[in-house]
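As a plain string of letters, each chain reads:
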Amino acid sequence: GNRCKDECLPEETNRRIDELLIESKRPARISIADSAFSVSASGKRKKMAAAVGMGGLALGAFAAFLLHKADRRITNPQEVVKRIQVKILGTTTDPNSVKKALLPQQLSDDYQTIRANLGLLSNQSGTSIILVSSPGVKDGKTTFSVNLATSFANSGKKTLLIDADLRKPDVSGALNLPPALRGFQDYLFGKNLESCLYRYKESNLYILASDFRNSADALDLLAHPQAAERIRKLKESFDTIIIDSPPVLAFADSLVLARMADAVILTTFLGHTSQTDIQEAFNRLCQIGANILGTVVNNVKVEHGYRSYGYGYGYGYAYGSKGVEKGPHRRKRDARTLLISSPKPPETL
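Residues numbered from 1 in each chain as written. Predicted model: local features only at pLDDT ≥ 70, side-chain atom pairs only at ≥ 80, totals over all residues. Heavy atoms only, no water.

For this particular structure, what's the right way to read the overall build of the protein?
Each helix and strand in the protein was counted, giving 13 helices and nine strands. Approximately 19,500 Å² of the protein is accessible, and the part contributed by carbon and sulfur atoms is 54%. (Helix = DSSP H or I, 4+ residues; strand = E, 2+ residues; numbered from the N terminus. Areas by Shrake-Rupley, 256 points an atom, 1.4 Å probe, with all protein chains shown as cover.)

Okay, here's the thing in structure tokens:
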């Protein structure tokens, strides 16, 4: 047995050597592509930070692009004419774009231009009832109504300003009148005009103010046949009547009032009112046959105003808990935008 083992061992050894020789001649199964190199930890952090920064910039630019496409707010008065085809009656100046000392005269000129354009467009003989509304909230309609009425009064016309926004009456707050005044509601309920009117001393401006007490049944009160009759009867006592009404896209109140008015003005606010909303408000008023004279664009920088450009004559929103202020709380109003300065207490006629 030992002899057999001694004879077989060389043969096995030779066979194994032959296998190793054959194996060594085959191509290598694993090869080295490149030599490895090392990067310091601080270098990795810098590269990572740069990559994250560039990625953030790209995402930010893309998000800004999407927001720009989705943002339909009016940013330039010319957009109203070019894209929506609504006439511009005039613009009111952004108080931050003109020196404080020059602002009163600038606003006075703004409203004088608007009055002139109204005279050219209205084609009305005798007293005109002008309804002021807006597509949605915070479009500057009440400030515009107060200033337009003041401008007419300052021109020598006996002017009546009606606060017909029974959902959110702001005229008393704008003019610092006592909060409990409800001359407009009292007049609609049948009281004589003299007991309902309030007048600014030594001026041609008269007020039919409102309060919140009829906000729930506002539409029923305005839609009553007696309301239209009594509102039209006011023409016998005044040269010009300005009605401040709720936003068109908030309630049907403005549509009811528009049928009683001789003309309608829509106010818009640069950087706030959307193109879609003003178009929708315009369409709703057209559907009921309202005589829409055009829009006034508020909060326009002085260098972009109506007189600078020479434009020529050419939603939905609702008053929610955030939009309605009840009781003694009032929305803060920039007093600089009012033509009439802190008035004396009103006189009762």
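Can you help me understand the environment of Tyr-111 in this one?
Relative to the assigned elements, Tyr-111 resides in helix H4 (residues 103–122). Owing to a relative accessible area of 2%, Tyr-111 belongs among the buried residues under this scheme. Spatially, the C-alpha atoms of Tyr-111 and Asn-147 are 7.5 Å apart, while their sequence positions differ by 36 residues. (Buried < 20%, exposed > 50% of the residue type's maximum accessible area, 1.4 Å probe, protein only.)

In this structure, what is going on with the nonpolar core? I would like to understand it.
Across soluble globular proteins, nonpolar side chains have a tendency to be buried as a group. In this structure, Leu-160, Ile-162, Phe-184, Leu-208, Leu-234 and Leu-285 are the most contacted members of the largest nonpolar core, which totals 47 residues. If one sorts the elements of this core by residue count, helix H12 (residues 275–287) sits on top with four residues. Apart from the residues lying within four places of it in its own chain, the contact partners of Leu-285 are Val-248, Leu-255, Ala-258, Val-264, Leu-266, Ala-290 and Ile-292. Within the second largest apolar cluster, 30 residues are counted, among which are Leu-118, Ala-149, Phe-152 and Ile-207. (Core = buried A, V, L, I, M, F, W, Y, C linked by side-chain atoms within 4.5 Å. Contact = heavy atoms within 4.5 Å.)

I keep staring at the packing of aromatic side chains and nothing clicks. Help me out?
Two numbers describe a pair of aromatic rings. These are the distance of the centres and the angle of the planes. In total, this model carries two aromatic pairs according to the counting rule given. With a centroid separation of 5.6 Å and an interplanar angle of 65 degrees, the aromatic rings of Tyr-206 and Phe-238 are classed as edge-to-face. Taken together, the residues span a long stretch of sequence, with Tyr-206 in strand S5 (residues 205–208) and Phe-238 in the loop between helix H10 (225–233) and strand S6 (240–244) at a distance of 32 residues. For the pair Tyr-206 and Phe-238, a shared accessibility class is recorded, and that class is buried. Over the ring of Tyr-187 we find Arg-230, and its NZ or CZ is 4.1 Å from the ring centre. (Phe/Tyr/Trp six-rings, centres within 6.5 Å; stacked < 30°, edge-to-face > 60°. Lys NZ or Arg CZ within 6 Å of the ring centre and 35° of its normal.)

When you look at the side chain of Lys-168 in this model, what are you seeing that I'm missing?
Counting through the fold element by element, Lys-168 comes out in the loop between strand S3 (159–163) and helix H6 (171–174). On the basis of relative accessible area, Lys-168 is assigned to the buried category, the value being 7%. At 3.0 Å, the side chain of Lys-168 and the side chain of Asp-170 are in polar contact. (Polar contact = N/O pair within 3.5 Å; in protein donor to acceptor, adjacent residues only side chain to side chain.)

Explain the pairing of strand S8 (residues 292–300) here, please?
Within a regular strand, the side chains alternate between the two sheet faces. Most of S8 sits inside the fold, with eight of its nine residues counted as buried. Of the strand pairs in this sheet, strand S1 (residues 88–93) and S8 are connected by four bridges, and their pairing is parallel. Counted as the bridge partner of Thr-93 is Val-300 from S8. Crossover strand S7 (residues 263–269) to S8 through H12 is right-handed. (Pairing = 2+ DSSP bridges. Right-handed = clockwise from strand over helix to strand, strands pointing away.)

Could you clarify how one ought to interpret the confidence of the model for the protein in this entry?
Should pLDDT be low for a region, the predicted coordinates there are not to be read in detail. Considering every residue of the protein, the mean pLDDT works out to 81; 72% of them sit at 70 or more. Of all helices and strands in the protein, the one with the weakest mean pLDDT is strand S9 (residues 347–348) (42), whereas S3 scores best (98). Counting interchain partners and residues more than four positions distant, the pLDDT-below-50 stretch residues 320–331 has 19 contacts. Of the regions scoring below 50 in pLDDT, residues 342–349 engages in 18 contacts with residues more than four places distant in sequence or in other chains. (pLDDT = per-residue confidence, 0-100.)

Whenever I open this one, the packing of H4 against helix H5 (residues 141–154) confuses me. Can you help?
In the contact formed by H4 and H5, the axes pass within 10 Å of each other and the chain directions differ by 80 degrees. Taken together, the axis directions place H4 and H5 in an arrangement best described as roughly perpendicular. Mapping the contact onto sequence places Tyr-111, Gln-112, Ile-114, Arg-115 and Leu-118 in H4 and Thr-143, Phe-144, Asn-147, Leu-148, Ser-151 and Phe-152 in H5. In terms of residue class, the contact of H4 with H5 is built from six nonpolar, four polar and one charged. (Axes fitted to C-alpha atoms, helices over the stretch in contact; angles between N-to-C directions. Parallel < 35°, antiparallel > 145°, perpendicular 65-115°, else oblique. Nonpolar A, V, L, I, M, F, W, Y, C, P; charged D, E, K, R; others polar.)

For this particular structure, what's the right way to read H4?
For an α-helix the count is 3.6 residues per turn, leaving residues at separations of three or four pointing the same way. Helix length check: H4 (20 residues) gives 28 Å between terminal C-alpha atoms against 28 Å at 1.5 Å per residue, within 8%. Buried within H4 are the following residues: Leu-103, Gln-106, Leu-107, Asp-110, Tyr-111, Thr-113, Ile-114, Asn-117, Leu-118 and Ser-122. With its buried residues spanning 150 degrees around the axis, H4 presents them on a single face. Turned more than 90 degrees off the buried face of H4, the exposed positions are Pro-104, Gly-119 and Leu-120. (Expected span 1.5 Å × (residues − 1). Arc of directions from axis to C-beta.)

Is there a simple way to explain unusual backbone geometry in this structure?
With the exception of glycine, the majority of residues adopt a negative phi angle, and the majority of peptide bonds are in the trans configuration. The phi dihedral of Asn-176 falls on the positive side, at around 60 degrees, and the residue is not glycine. With respect to the helices, strands and loops of the structure, Asn-176 is situated in the loop between H6 and helix H7 (183–188). At Asn-299, a residue that is not glycine, the phi angle is positive and equals roughly 65 degrees.

What should I look at first to understand the environment of Leu-181 in this one?
Within the secondary structure layout, Leu-181 lies in the loop between H6 and H7. Looking at Leu-181, the relative accessible area reads 9%, which means it is buried. For the pair Leu-181 and Ser-210, spaced 29 residues apart in sequence, the C-alpha to C-alpha distance is 5.9 Å. Setting aside anything within four residues of it in sequence, one finds Leu-181 in contact with Ser-172, Tyr-198, Ala-209, Ser-210 and Asp-211.

I'm lost on the pairing of S3 in this one. Help?
The buried fraction of S3 amounts to five of the five residues, a majority that puts the element mostly inside the structure. Residue alternation in S3 divides its side chains into two sets, Thr-159, Leu-161 and Asp-163 and Leu-160 and Ile-162, and both sets are buried. Where S3 lies against S5, four bridges are found, and the strand directions are parallel. Residue pairing in the sheet places Leu-160 in a bridge with Tyr-206 of S5.

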